[in-house]
Amino acid sequence: MVEAVGRNADARTRSADAAAILSALIVVSRRGVADARTARIRLSMTEQSILGYLVEHPGARSTDIAQAFRLNRSTVSRQLAGLVRLGVVRELTDASGRGTPLELTEDGWAAYHEAIGILQGVVDRHLSDWSDDEVARFARDLQRFNRDAEGETRP
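Residues numbered from 1 in each chain as written. Predicted model: local features only at pLDDT ≥ 70, side-chain atom pairs only at ≥ 80, totals over all residues. Heavy atoms only, no water.

### Some points on a negative patch on the surface
- Among the surface-exposed residues, Asp129, Asp132, Asp133 and Glu134 lie close enough to one another that they form a single negatively charged patch.
- As for its placement among the helices and strands, Asp129 is situated in the loop between helix H5 (106-126) and helix H6 (132-147). (Patch = residues over 30% accessible without salt bridge, like charges linked within 9 Å, V, L, I, M, F, W, Y side chains within 5 Å. Areas by Shrake-Rupley, 256 points an atom, 1.4 Å probe, with all protein chains shown as cover. Salt bridge = Lys/Arg side-chain N within 4 Å of Asp/Glu carboxyl O. Lys, Arg positive; Asp, Glu negative; His and termini not counted. Charge placed at Lys NZ, Arg CZ, Asp CG, Glu CD. Helix = DSSP H or I, 4+ residues; strand = E, 2+ residues; numbered from the N terminus.)

Set out below in structure tokens:
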């Protein structure tokens, strides 16, 4: 009986800890989007994510982005049209006929680097009083958290 009570308490603690992690990740995301809006070219979280995806997947097509982000292709097409209008993404010519490869323009690279710089500055400020060991541990834990979800399709 005592063992079952201990397991229930452990489960409640783990559940509360997992909820605290989710809450912290939401705050980090919300703060990152707000801080990145100070950039010269103001991009939504989705637009920032698309630029990041294109950096990591050069020549990706709208269908690749839709699949990776679990979005409807028409939603991605609207987002991409906006990014093309902003002059940060362009379509490449491709003879294969299976969709149009995309790439960042010079302005797109500048916007990406500016947003990443702003976000890195926020992270650096928040970690300024952490020890090198604490920063390394946090980095390993976050990498593990993301690596363990590799089977999932996510942005």
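Past the structure itself, the notes keep going.
### Quick word on helix H4 (residues 73-86)
- The end-to-end C-alpha distance of H4, which contains 14 residues, comes to 20 Å, matching closely the 20 Å that a straight helix rising 1.5 Å per residue would cover.
- Along H4, the positions that sit buried rather than exposed are Val76, Leu80, Gly82 and Leu83. All buried residues of H4 lie within an arc of 155° about the axis, which places them on one face of the element. Summarising the geometry of H4, the exposed residues directed more than 90 degrees from the buried face are Arg78 and Arg85.
- Buried residues along H4 sit in contact with helix H2 (45-56), helix H3 (62-69), strand S1 (89-91) and strand S2 (102-104).
- Gly87 sits one or two positions beyond H4 and adopts a positive phi of about 85°. (Expected span 1.5 Å × (residues − 1). Buried < 20%, exposed > 50% of the residue type's maximum accessible area, 1.4 Å probe, protein only. Arc of directions from axis to C-beta. Contact = heavy atoms within 4.5 Å.)

### Some points on the pattern of salt bridges
- Using the criterion set out here, one finds two salt bridges in the structure.
- A salt bridge links Arg90 to Glu103; its shortest N-O distance comes to 2.6 Å. Of the two residues, Arg90 is situated in strand S1 and Glu103 in strand S2; the sequence distance between them amounts to 13 residues.
- Exposure remark for Glu103: the relative accessible area of 27% places this residue in the partly exposed category.

Purely spatial values, then, with no claim about function.
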